[in-house]
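Spelled out, the chains give:
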Amino acid sequence: MDSIPKTLFLLFCIFLSLAFPIESYEAFLDCLLHQVPNSNLSQLVYTQNDPSFTTLLDSSIQNLRFISPNITKPVLILKPTNVREVQASVICCKNQSIPLRVRSGGHDYEGLSYRSISAMQFVMMDLASLRDIHIDSYQRIAWVQSGTTLGELYYAISQKSGMLAFPGGTCPTVCVGGLFSGGGIGIMTRKFGLSADNIIDAELVDANGRVLNRETMGEDLFWAIRGGGGGSFGIVISWKITLVQIPRIVSVFTLTKTLKEGAISLVDKWQRVAPNFSEDVLLKFAIEPDMNGGEPVAVFKAFYLGRCYGLLIYMQVHFPELGLEKDDCEEISWIQSVVYFAGYGHAKPETVLLDRRRSEPKEYNKGTSDFITDLIPYKIWEEIFDRFRYEGAGVIYFETKGGHMSTISESALPFPHRKGVLYSLQSLVFWPENAKVSEERYLGWLNEMRNFLTPYMSKNPRRAYVNFRDLDLGKNEEGSTNYENARDWGEKYFMGNFKRLALIKGKVDPENFFWHEQSIPPLFSIPVAES
């Protein structure tokens, strides 16, 4: 305790004792001082009484549903700036039996990285300060830390080369730690696979505070962290990724079709042809309500690894009914296409991609996901569109799969939704704080739509995407987490890979230190003689 004044140490203890018994947190702080004697605890540990606590907690909460005073918030926030502080935090939390949750970008659909469903007290680690990027454009590889946003990563790559990219998501404020942990779907998935398919190494702090890389953690754990969901196996500090080669110019278009313009016939044709398109082409669409009370519309968006003349010819041959014309298509750089698909049109990339708070103004929202393996009948499409006239209607995003994804085994990584999947579906409802319609009506629309679609979605199990986390699928109960109960939701996310994930969890974190309401439960293999 010689490295800081005794009065400062006692002051910390007083703050901490307001939330927990002083004995526990005096021991916790003493442990941190022992583990990282050269660290400034005032920059690492934030109590609920710290003036910066609420600002730090709310800084990357993306869903206003989880800012309510009734939400169970962390009693402490830890904000490490280096690997050693992450190690120390894990060691000291585990030594004092203090539950720990980890947040990188705060986009978890259910907020499980920074809130507890029950009244369970916990500490949150915020990785926002761990955001270094090191790019080797010659070798086409990069190391990126988990607190880095996708916008920061994409922009850094573009500054090294106009012909290198990385396949990831479209929201620039999502951090790589969360996206990579769940797989990572984006506009180039059909060409290059998931983000996780392009990860070749990682640096992880495990439940014992050890720093491991691919070689020292072993292939089982390395497999699990690339798509098995965040917050279960350890804290990934950084990821080694393979960059992909792309043309200097790519092409995009957006076409909005009304019911009078044949929107229903077009989406019916889309589901029949788009999954079989060249892997260089992504054509997705969304059904959106008319905010002025009119008819819903279908908004088609395309991305093509090539110039417009090639995309025009391709669409004329394979989907002439869409009516794509030369003036509809734009030729831009890949980095500008990132801005385009983030919804910011022709804004300067640095303005959009380097602003970590760009997702504001924030709003209330709730989402769910599905994967479709069979064609939806035309009459059902009519009913889907009709339901967008209901009060509280949200939006549904349909994104084509197929392409390179279909060539990868469903057991290659925890993410199993590969061959045989036509497209994915993400349903979302949003509402502002002063919404004229009640929250219950928005959530009701989402649930009613999900129930209506049940016969037409994938079956046995009905699939879902862990990065679109949904507690309505089921959850772990505090103090009674077990594999059999968790199968209800786990097999929806991971199908046959769920058992392997649970067995790996049993080996690397048998005490279930890394726990949340949808973390992987530990499963222990049964000796053959006892089976």
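This is a predicted model, so every value here is computed, not measured.

## Things to note about the pattern of salt bridges
Side chains that differ in sign of charge can pair as their charged atoms come close. The final tally for this structure, using the stated rule, is 29 salt bridges. Taking the shortest distance from any N to any O, the salt bridge between Arg 103 and Asp 126 comes out at 2.7 Å. Residue Arg 103 is located in strand S3 (residues 100-103), and its partner Asp 126 is located in strand S4 (residues 123-126); the two are separated by 23 residues in the primary sequence. When sorted by exposure, Arg 103 lands in the same class as Asp 126, which is buried. Glu 331 is the salt-bridge partner of Arg 307, the closest N and O atoms lying 2.9 Å from each other. Taken together, the residues Arg 307 in the loop between strand S14 (297-304) and helix H12 (308-318) and Glu 331 in strand S15 (residues 330-332) connect sequence positions 24 residues apart. Since its relative accessible area comes to 38%, Glu 331 is described here as partly exposed. Each member of the salt-bridge network shares a partner with another, and the members are Glu 110, Arg 115, Lys 366, Asp 470 and Asp 472.

## Focus on the sheet that holds S14
The seven strands lie next to each other as S15-S12-S14-S13-S17-S18-S16, forming an open sheet whose pairing is antiparallel. The open sheet is flanked by S15 and strand S16 (364-372), the only strands paired with a single partner. When the angles between neighbouring strand axes are averaged without regard to direction, this sheet yields 20°. Relative to strand S17 (residues 395-400), strand S13 (residues 281-288) is paired through three bridges, and the arrangement is antiparallel. Note that in S17 the partner of Ala 286 across the bridge is Tyr 397. Running at roughly 20° to strand S12 (residues 250-257), helix H13 (residues 334-344) makes contact with S12, S13, S14 and S15 of the sheet. The strands touched by helix H15 (residues 378-387) are S13, S14, S17 and strand S18 (423-431); relative to S13, the strand with the most contacts, the crossing angle is about 55°.

## Quick notes on the UniProt feature "domain: FAD-binding PCMH-type" (unreviewed entry) in the protein chain
On the UniProt side, "domain: FAD-binding PCMH-type" (unreviewed entry) is annotated at positions that read residues 70-246 here. The span residues 70-246 is 26% helix and 23% strand, and its two end C-alpha atoms sit 48 Å from each other.

## Examining the sheet that holds S4
Taken together, four strands build an open sheet; the order of strands is S1-S2-S4-S3 and the sheet is mixed. Among the strands making up the open sheet, the edge pair consists of strand S1 (45-47) and S3. Here the average twist between neighbouring strands, direction ignored, is 25°. The sheet contact formed by S3 and S4 spans four bridges and is parallel. Within S4, the residue paired with Arg 101 across the bridge is Met 124.

Parameters at a glance
- Residues numbered from 1 in each chain as written.
- Predicted model: local features only at pLDDT ≥ 70, side-chain atom pairs only at ≥ 80, totals over all residues.
- Heavy atoms only, no water.
- Salt bridge = Lys/Arg side-chain N within 4 Å of Asp/Glu carboxyl O.
- Helix = DSSP H or I, 4+ residues; strand = E, 2+ residues; numbered from the N terminus.
- Buried < 20%, exposed > 50% of the residue type's maximum accessible area, 1.4 Å probe, protein only.
- Pairing = 2+ DSSP bridges.
- Axes fitted to C-alpha atoms, helices over the stretch in contact; angles between N-to-C directions.
- Contact = heavy atoms within 4.5 Å.
- UniProt positions renumbered as here; feature names shortened; annotations may be inferred.

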